[in-house]
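Chain by chain, the residues:
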Amino acid sequence: MAVLMIFFPPFQEGKWQQMPHMINRRSSCGVAALDGMLYVVGGNDGSLCMCSVERFDPVKGTWEAMASMHTRRTTHEVVEAEGYLYAIGGNDGSSSLSTVERYDPRHNKWMLVTSMNLRRSSIGATVLECQNLERILSSDGA
């Protein structure tokens, strides 16, 4: 479906409200917020995996088509980190993916970045802000 529903908390007394329809119907897409906008990335239109991206502007109440990813992907994860969106893993319709793409909203452009070591689909991801995490993980415990 091309329907966006927004939930307004508090959870016990909150309500769901339908927003304007997306440009394309899609399921199994990635969703993330960046700079006050909601991005819907990739997914499946019912017959094909998609590489297209749409952005919802809550102030204007409108959807806008953005630059497409390089790779069609569904059942992937999208996260925001340091002003960029990252589309991670997923499935291209024939196999799971290890690729990761980064979206730069200032240039409306996707680029491939370092791939994961393993192919992953139907994954979960989040951003963890932790100083010296790389050093901590690479230490031998000494």
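Residues numbered from 1 in each chain as written. Predicted model: local features only at pLDDT ≥ 70, side-chain atom pairs only at ≥ 80, totals over all residues. Heavy atoms only, no water.

Under an unreviewed UniProt entry, the protein chain has the name Kelch-like protein 17 and belongs to Araneus ventricosus.

## Remarks on the nonpolar core
Note on soluble globular proteins: their nonpolar side chains tend to be buried together. Stated formally: Joining through side-chain atoms within 4.5 Å is the link that ties buried Ala, Val, Leu, Ile, Met, Phe, Trp, Tyr and Cys residues into a set, and such a set is a nonpolar core. The classification of residues rests on relative accessible area computed with a 1.4 Å probe and restricted to protein chains. Under 20% of the type maximum is buried, over 50% is exposed, and intermediate values are partly exposed. The secondary structure listing takes helices from DSSP runs of H or I that are at least 4 residues long and strands from runs of E that are at least 2 residues long, numbered from the N terminus. The contact rule is simple, with two residues in contact once any of their heavy atoms fall within 4.5 Å.
Counting 15 residues, the largest nonpolar core has Tyr-39, Val-41, Val-53, Met-69, Leu-85 and Trp-110 as the members making the most contacts within it. Listing elements by their share of this core, those giving two or more residues are strand E3 (30-34), strand E4 (37-44), strand E5 (49-57) and strand E8 (84-88). If one sorts the elements of this core by residue count, E4 sits on top with 3 residues. Not counting the four nearest positions on each side in its chain, Tyr-39 is found in contact with Gly-30, Val-31, Ala-32, Leu-34, Val-53, Glu-54, Arg-55, Met-66, Leu-85, Tyr-103 and Pro-105.

## What about the sheet that holds strand E7 (residues 77-81)?
Short version of the rule: Two strands pair if DSSP finds at least two bridges between them. Convention adopted: a line fitted to C-alpha atoms gives each axis, helices being fitted over their contacting stretch, and angles between N-to-C directions are expressed from 0 to 180 degrees.
If you walk across this open sheet you meet the 4 strands as E7-E8-E9-E10, and the pairing is antiparallel. Two strands lie at the open edges of the sheet, namely E7 and strand E10 (109-113), each paired on one side alone. Between one strand axis and the next, the sheet turns through 25° on average, direction left out of account. Pairing of strand E9 (residues 100-104) with E10 involves 5 bridges; the strand directions are antiparallel. Bridging from a neighbouring strand, Asp-104 pairs with Lys-109 of E10.

## Details of the pattern of salt bridges
For clarity, the cut-off: Salt bridge criterion: a side-chain nitrogen from Lys or Arg within 4 Å of a carboxyl oxygen from Asp or Glu.
Taken as a whole and assessed by the stated rule, the structure comprises 4 salt bridges. Linking Glu-54 and Arg-26 is a salt bridge whose minimum nitrogen-to-oxygen distance equals 2.8 Å. Taken together, the positions of Glu-54 in strand E5 and Arg-26 in the loop between strand E2 (15-18) and E3 put the pair 28 residues apart, joining distant regions of the chain. Glu-54 gets classed as buried once you look at its relative accessible area, which sits at 1%.

## Remarks on the pairing of strand E6 (residues 62-66)
Note: E5 against E6, 5 bridges, orientation antiparallel. Bridged to Asp-57 within E6 is Thr-62. Between E5 and the antiparallel strand that follows it, E6, lie 4 residues; Gly-61 among them carries a positive phi value of about 70°.

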